[in-house]
Amino acid sequence: DWTTGNVIDEQVAAIRDQVGTKRAICGLSGGVDSAVAAALVQKAIGSQLTCVYVDHGLMRKGETEQVEKDFVAATGVQLKVVDAQERFLAALAGVSDPEEKRKIIGREFIRVFEQAQAEIVAEAPGDQPVEFLVQGTLYPDVVESGGGTGTANIKSHHNVGGLPEDLEFQLIEPLRKLFKDEVRMVGQELGLPDEIVQRQPFPGPGLGIRIVGEVTKDRLDLLREADAIAREELTEAGLDRDIWQCPVVLLADVRSVGVQGDGRTYGHPIVLRPVSSEDAMTADWSRLPYDVLARISTRITNEVADVNRVVLDVTSKPPGTIEWE
Ligand code: XMP
């Protein structure tokens, strides 16, 4: 019988069995999957787990703080936060190709993660070795990466930054058989707060794959503002549970003419991509109320410098993926 209680009991037993007295680390992305995976492993092995959060500077407004405060408060987990913003920006300089961006972000992530891991070992050298890596891989990730059915890789997905091929870890993937809604139920049962459990999906490479064009600090700041406004208005309108997620995308390589204040502007478009979905494998564009769209558009064009147009993506998946890159 499938109940969250059974899933938790089974996984906790399996994880204890697998890890024994050794130690594990878990990368937190700020998302639901890694948070629930971490909480589950924490329940199983307590202080034998250390979580690592790599702040790559591609996060949305308030996300790093949410991990630092809310998650630690809810779980009591040991957390190591690494500020790697400069490093990621430098690695991404001059790169526009989506797959290349994903690969760079994945690669840098692993490097920072390995460093953090070495530090954790160095800080407590007498302890048991760190042999396990916790990943919040879900069933759809397994399928879309070709692991489940032999289908071709659609995008180089990575939850915790990609599976490091030469990394000497054994994997713990307690959510591998679950869909998102089931993961949320497990998280709830584990006592994680709604702000974490009900969070909409957000890709590991973050805003880096929501800037069509080169990723720069200024563009990230601009997109962070636009995204925060869209999220605020959707929450205000009570729509968070109706939509699966709403990527906000900056078309950094596109400009169009506008008129703002007293004059002509030549600014960038922001794309809103609200979608409804069951499991992200397919999706439909959300029919959001016009007045909500109007408020988002007005606020973004008024409050975000260099943006003079807001457009709505009305493509289902397929043919469009949810993210633009
Ligand atoms: P696509 O764009 O492939 O996205 O339709 C499907 C779902 O996956 C999320 N996504 C990612 N999640 N790492 C992640 O953890 C990634 O690299 C990644 N790429 C896309 C996307 O937000 C959507 O929910």
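In this text the structure is predicted, and so the values were computed from the model without any measurement.

Calculation rules
- Residues numbered from 1 in each chain as written.
- Predicted model: local features only at pLDDT ≥ 70, side-chain atom pairs only at ≥ 80, totals over all residues.
- UniProt positions renumbered as here; feature names shortened; annotations may be inferred.
- Helix = DSSP H or I, 4+ residues; strand = E, 2+ residues; numbered from the N terminus.
- Buried ≥ 20, exposed ≤ 12 C-beta atoms within 10 Å, placed from the backbone.
- Contact = placed C-beta atoms within 7 Å.
- Domains from an automatic or database assignment.
- Nonpolar A, V, L, I, M, F, W, Y, C, P; charged D, E, K, R; others polar.

A.B. asks: Would you take a moment to explain the UniProt feature "binding site: ATP" (unreviewed entry) in the chain for this structure?
C.D. replies: When the UniProt feature table is mapped onto this chain numbering, "binding site: ATP" (unreviewed entry) sits at S29, G30, G31, V32, D33, S34 and A35. Topologically, G31 is positioned in the loop between β1 (23-28) and α2 (32-45). For G31, a count of 21 C-beta atoms within 10 Å translates into the label buried. Discounting chain neighbours no more than four positions away, the residues touching G31 are R199, P201 and F202. Looking at the secondary structure, you find D33 in helix α2. Looking at D33, the number of C-beta atoms within 10 Å reads 25, which means it is buried.

A.B. asks: How should the domain arrangement of the chain be read in this particular structure?
C.D. replies: When the parts of a complex come together, some accessible area is lost, and that lost area is often taken as the interface size. You can read the domains of the chain as domain 1 (4-197) and domain 2 (210-312). Summarising the inter-unit geometry, the C-alpha centres of domain 1 and domain 2 are found 28 Å apart. Residue-level contacts link 13 residues of domain 1 with 11 residues of domain 2. A class-by-class count of the residues in the side of domain 1 that touches domain 2 yields 6 nonpolar, 3 polar and 4 charged.

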